[in-house]
Amino acid sequence: MNFWRSTIGKKTVMAVTGLLMLAFLIAHMLGNLKIFYGRDDFDHYADWLRTIGEPVLHGAWYLWIQRFVLTLAVVLHAVSAYQLSRRDLKARPAKYAHKQRAKAGYAVHVMRYGGITLALFIIYHILDFTTLTLNRHGVEGAAYDNVVSSFSVWWVTAIYIVAMIFLGLHIQHGFWSAAQTLGLNRPNRDRAVHGIATGLAVLLTVGFLIVPVAVLAGLVD
């Protein structure tokens, strides 16, 4: 509890949960790209996700364990971010100088408001593709058709595009910040860390956007 209450503790929790979510996003993106192999392959992949760990795990246990861990990571990440933001405001009653404020303002908008946008998008995404509540097709086990049905609507794709841009910006700044917190960055590595952060941000943004854009363009139907 003392670790959690400390500023470095909260920053460490943010860094570790952020990297955990980043690993999930990479795997999720790669799985999404299997849609280009066709309906049968994509639906088979979606079914396989429910059988990971068998016979040790039964049914969709792996998916529920993954969902629990990711939910916990998101909650801890968000709570840490909120509490650190509150501490920062209390510790800084005076305003920044102009140049410092501009740089700090960019980070605030990317991480704070971008994070809120992503949290809302996660809820929408779950209602669309997990519970199928908002999906026009909404058939259990028909992953390919559910994806095509949803992204065939231009405004759904537009929402996805905006969210993925925010995701890329969040990753770019968040990865560098996590490296700083965990002591992985040094002055002589800063340029490389920035390069990796930008590379990951671009890779994930483009990787996630290929699918909805391809569906809307009629390349996947």
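Just above sits the structure.
These numbers were taken from a predicted model, which means no experiment stands behind them.

Student: In this structure, what is going on with the pattern of salt bridges? I would like to understand it.
Tutor: Two side chains that carry opposite charge are able to pair once their charged atoms sit near each other. Per the counting criterion, the structure on display carries 2 salt bridges. Across the pair Asp 145 and Arg 39 runs a salt bridge, and its minimum N-O distance is 2.9 Å. Residue Asp 145 is found in helix H6 (residues 143-151), and its partner Arg 39 is found in helix H3 (residues 39-49); the two are separated by 106 residues along the sequence. A salt bridge links Arg 50 to Glu 140, with the shortest nitrogen-to-oxygen separation between them at 2.7 Å. Linking Arg 50 in the loop between H3 and helix H4 (61-91) with Glu 140 in the loop between helix H5 (98-129) and H6, this pair joins segments that are 90 residues apart in sequence. Residue Glu 140 is classed as exposed on the basis of its relative accessible area, which comes to 56%.

Student: What exactly am I supposed to notice about unusual backbone geometry here?
Tutor: Backbone geometry follows two general trends: most residues other than glycine have a negative phi, and most peptide bonds adopt the trans configuration. The step from Glu 54 to Pro 55 runs through a cis peptide bond, and the omega angle for that step is 5°. Note that Pro 55 resides in the loop between H3 and H4. Positive phi, close to 65°, is recorded for Leu 132, a residue that is not glycine. The residue Leu 132 is located in the loop between H5 and H6 in this model. The exposure class of Leu 132 is buried, given its relative accessible area of 12%.

Student: So what exactly am I meant to see when it comes to the packing of H6 against helix H8 (residues 190-216) here?
Tutor: Two numbers describe a pair of packed helices, the interaxial angle and the distance between the axes. For the pair H6 and H8, the least separation of the axes is 8 Å and the interaxial angle reads 70°. When the axis of H6 is compared with that of H8, the two are roughly perpendicular. Taken together, the residues of H8 that come into contact with H6 (itself represented by Val 147, Val 148 and Phe 151) are Val 211, Pro 212, Val 215 and Leu 216. For the contact of H6 with H8, a count of residues per class yields 7 nonpolar, no polar and no charged.

About the cut-offs
Throughout this document, residue positions are counted from 1 along each chain, in the order its sequence is written. It should be noted that, the model being predicted, local features are given only for residues of pLDDT at least 70 and side-chain atom pairs only at 80 or more, the latter also being counted only at that level, while totals for whole chains, interfaces and linings use all residues. Heavy atoms throughout the structure, all of them, feed into the side-chain values; hydrogens and water do not. We define a salt bridge as a side-chain nitrogen of Lys or Arg found within 4 Å of a carboxyl oxygen belonging to Asp or Glu. Segments assigned H or I by DSSP are reported as helices when at least four residues long, segments assigned E as strands when at least two residues long, and all are numbered from the N terminus. Think of it in three bands: residues with accessible area under 20% of the maximum for their type are buried, residues over 50% are exposed, and the middle band is partly exposed, with areas taken using a 1.4 Å probe on protein chains only. To obtain each axis, a line is fitted to C-alpha atoms, and for helices this fit is confined to the stretch in contact; angles are then taken between N-to-C directions over 0 to 180 degrees. Should an angle lie under 35 degrees it is considered roughly parallel, over 145 roughly antiparallel, and from 65 to 115 roughly perpendicular; all remaining angles are considered oblique. The contact criterion used throughout is that any non-hydrogen atoms of two residues lie within 4.5 Å. Each residue is assigned to one class: nonpolar for Ala, Val, Leu, Ile, Met, Phe, Trp, Tyr, Cys and Pro, charged for Asp, Glu, Lys and Arg, and polar for all the others, Gly among them.

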